Amino acid sequence: MQSHSPTTPFGRRSLTLAHVASQMVATARPPEKIVHKWKIFHAICTARPRLGVSERALSVLNALLTFHPETALTGEDDLIVFPSNHQLARRAHGMPASTLRRHLAVLVDAGLIVRRDSPNGKRYARKDDAGEIELAFGFDLSPLVVRSEEFESLAADFEAEARALKLVRERITLCRRDIAKMIATGIEEAVPTRRGGQGPADWQVVHAAFRAIVDQIPRTATRQELEPIADELSQLADDVLNLLETHIKSKNPSANESHSERHIQNSNPDALIDLEPSLREGRAAGAEPKPQPSRVGEGAYPLGMVLSACPDIVDYAKGGISNWRDFLATASVVRSMLGISPSAWDEAQKVMGEVPAAIVVACILQRGTAINSAGGYLRGLTRKAEVGEFSLGPILMAQINSRRRDKQRA
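Since the structure is predicted, the reported quantities are computational estimates derived from the model, not experimental observations.

Draft legend 1. Structural context of the layout of surface pockets. Space inside the largest pocket adds up to approximately 910 Å³. As for the largest pocket, its lining consists of 25 residues, of which Arg176, Arg219, Asp312, Gln366 and Arg403 are closest to the centre. Sorting the residues of the lining of the largest pocket by element identifies α8 (148-188), α9 (199-214), α15 (354-367) and α17 (392-409) as the ones contributing at least two each. No other element matches α17, which puts five residues into the lining of the largest pocket. Broken down by class, the residue content of the lining of the largest pocket amounts to 10 nonpolar, four polar and 11 charged.

Draft legend 2. Spotlight on unusual backbone geometry. Although it is not a glycine, histidine 93 adopts a positive phi angle of roughly 65 degrees. Among the secondary structure elements, histidine 93 is positioned in the loop between α5 (85-91) and α6 (97-109). Judged by relative accessible area, which is 73%, histidine 93 ranks as exposed. Here alanine 190, not a glycine, exhibits a phi torsion of approximately 55 degrees, which is positive.

Draft legend 3. The nonpolar core, seen in detail. In this structure, Phe210, Leu233, Ile313, Phe327 and Ile359 are the most contacted members of the largest nonpolar core, which totals 64 residues. In terms of residues, this core owes the most to one element, α15, which gives 10 residues. Residue contributions to this core reach at least three from each of two domains, namely domain 2 (179-248) and domain 3 (303-409). Core analysis: the second largest hydrophobic core is formed by 34 residues, Phe41, Ala47, Ala63 and Leu100 among them.

Draft legend 4. The packing of aromatic side chains, seen in detail. Scanning the entire structure with this criterion turns up three aromatic pairs. Geometrically, the ring pair formed by tryptophan 38 and phenylalanine 41 is edge-to-face, given 6.0 Å between the ring centres and 90 degrees between the ring planes. Here tryptophan 38 pairs with phenylalanine 41, and both are found in helix α2 (residues 37-46), just three residues apart, close to one helical turn. Of the residues examined, tryptophan 38 reaches a relative accessible area of 30% and is grouped as partly exposed. Positioned over the ring face of phenylalanine 67 is arginine 91, at 3.9 Å from the centre of the ring.

Draft legend 5. Representation of α8 within the structure. Taking 1.5 Å per residue as the helical rise, α8 with its 41 residues ought to reach 60 Å, and the 60 Å between its terminal C-alpha atoms agrees with that figure. Trailing α8 by a residue or two, alanine 190 shows a phi angle of about 55 degrees, which is positive.

Draft legend 6. Quick look at the pattern of salt bridges. Throughout the structure, instances matching the rule amount to 14 salt bridges. The salt bridge involving lysine 33 is made with glutamate 149; its shortest N-O contact spans 2.6 Å. Here lysine 33 is found in the loop between α1 (17-26) and β1 (34-36), whereas its partner glutamate 149 is found in helix α8, with 116 residues between them in sequence. Of the residues examined, glutamate 149 reaches a relative accessible area of 46% and is grouped as partly exposed. Among the salt bridges present, the one from arginine 223 reaches glutamate 227, with a minimum N-O distance of 3.1 Å. Residue arginine 223 and its partner glutamate 227 are both found in helix α10 (residues 223-250); the two are separated by four residues, about one turn of the helix. The exposure class assigned to arginine 223 is buried, which follows from its relative accessible area of 19%. One connected set of salt bridges, linked through shared partners, spans Arg176, Arg211, Asp312 and Asp315.

Draft legend 7. Structural detail: the environment of threonine 74. Locating threonine 74 in the fold gives a position in strand β2 (residues 72-74). When its relative accessible area of 12% is taken as the criterion, threonine 74 is described as buried. A sequence separation of 39 residues divides threonine 74 from valine 35, and the C-alpha atoms of the two residues are 6.5 Å apart.

Draft legend 8. Looking closely at the pairing of strand β6 (residues 133-140). Where strand β3 (residues 80-81) and β6 come together, two bridges link them in antiparallel fashion. When the bridges of β6 are listed, valine 81 appears paired with phenylalanine 139. The pairing of strand β5 (residues 124-127) with β6 spans four bridges and is classified as antiparallel. In the sheet register, tyrosine 124 faces β6, and the bridge partner there is phenylalanine 137.

Draft legend 9. Summary view of the confidence of the model for the protein chain. On average, residues of the protein chain score 79 in pLDDT, and 78% of them are at 70 or above. No element of the protein chain has a lower mean pLDDT than helix α11 (residues 253-266), at 46, and none a higher one than α2, at 95. Contacts for the low-pLDDT stretch residues 255-299, under 50 throughout, to residues beyond four places or in other chains number 64 contacts.

Draft legend 10. Broad picture of the packing of α2 against α8. Two elements in contact, α2 and α8, have axes separated by 8 Å at closest approach and are oriented at 45 degrees. In terms of their interaxial angle, α2 and α8 are classed as oblique. Crossing handedness for the pair α2 and α8: left-handed. Between α2, through Ile40, Ala43, Ile44 and Thr46, and α8, the contact on the second element is made entirely by Ser148, Phe151, Glu152, Ala155, Phe158 and Glu159. Residues belonging to the contact of α2 with α8 are distributed by class as follows: six nonpolar, two polar and two charged.

Here is what the cut-offs are and how they apply
Residues numbered from 1 in each chain as written. Predicted model: local features only at pLDDT ≥ 70, side-chain atom pairs only at ≥ 80, totals over all residues. Heavy atoms only, no water. 1 Å grid on protein atoms, 1.4 Å probe; cavity = no way out; pocket = protein on both sides within 12 Å on 5 of 7 lines; lining within 4 Å. Points joined across faces, edges and corners; volume = space filled by probe spheres on them. Helix = DSSP H or I, 4+ residues; strand = E, 2+ residues; numbered from the N terminus. Nonpolar A, V, L, I, M, F, W, Y, C, P; charged D, E, K, R; others polar. Buried < 20%, exposed > 50% of the residue type's maximum accessible area, 1.4 Å probe, protein only. Core = buried A, V, L, I, M, F, W, Y, C linked by side-chain atoms within 4.5 Å. Domains from an automatic or database assignment. Phe/Tyr/Trp six-rings, centres within 6.5 Å; stacked < 30°, edge-to-face > 60°. Lys NZ or Arg CZ within 6 Å of the ring centre and 35° of its normal. Expected span 1.5 Å × (residues − 1). Salt bridge = Lys/Arg side-chain N within 4 Å of Asp/Glu carboxyl O. Pairing = 2+ DSSP bridges. pLDDT = per-residue confidence, 0-100. Contact = heavy atoms within 4.5 Å. Axes fitted to C-alpha atoms, helices over the stretch in contact; angles between N-to-C directions. Parallel < 35°, antiparallel > 145°, perpendicular 65-115°, else oblique. Left-handed = near helix turned anticlockwise from the far one by under 90°.

Here's what the structure looks like:
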């Protein structure tokens, strides 16, 4: 095996201290060390974000590894590969030459390979009389052997961090679902949040606190950023559950009977639930206005499109949203949580129709703190709808495009 002293790159490429350090590492490989090249490559792929290399650069490294005939990389073998740019580009799935050179430079700068340039910059091998390679110029794979433990450790740390991030995201998702459904139950069952409190009105405060925590969640967040938010949601979930459990323990038989009557009445699928009895000022006692027929057919906008634009509303559905009836019932729960009065809700339904009004409520929920007054916002859209200046399509498309941009940034 030939010994290598540090070499400078050919042409206008400059030599950096990092390149010298990589060459020093390459000469320090123990002769008895053996590593599996594809296992090391897999570890490098896993630890890629921490190594500062791109997927395209790793595809070039993969192509370079294919030019070494053995699967095992040892400390005794000569690990220089010397493909031409044409050969290398072909194995890198037809990568353009300019792109290939750029990613080769990235691999060199990251210390994954060492450049061994010939006097004229060409890559080739000179053989002795026995046909053995005596001197080679190209790319040295020795750093993969020397740094194998480092790559494996980085990969293990990255996978552990990814698992921890996944767990905290799952924890937040479960808390959001549980809190949303428990708040909906508290409003429907008129559970007081304190002794002598007015159930629905106080539950709006609880819901506002819930949305304030949810709105803190960054678009792209680290585990360290999400863990405090998960703790806040867990505490709020415990508090809300305690309210429901306390109410159950304090109920007497007569309350149980009245609860059963309310449950039977609310289970009527043909009626929209009025969840704000304390805000029914000016209404005749016991009078229940008939819901107006939808001005826009249920098929005007597919339910899947609406849920794609406004997925947060699903958290408030008792058994999921599989049809428009589920969507309308859930929107009735959400509008109360958002502080939209029955009068504003009824007016929006009369002017827009049931389905469009419910979709607007879902959009308001999705936008969170961006809308200061949900009731005022809904009334403003209702006024526009009365004069023919309201269109639901642009609102939905704006929500969908916003979510697409968020996913791309993530």
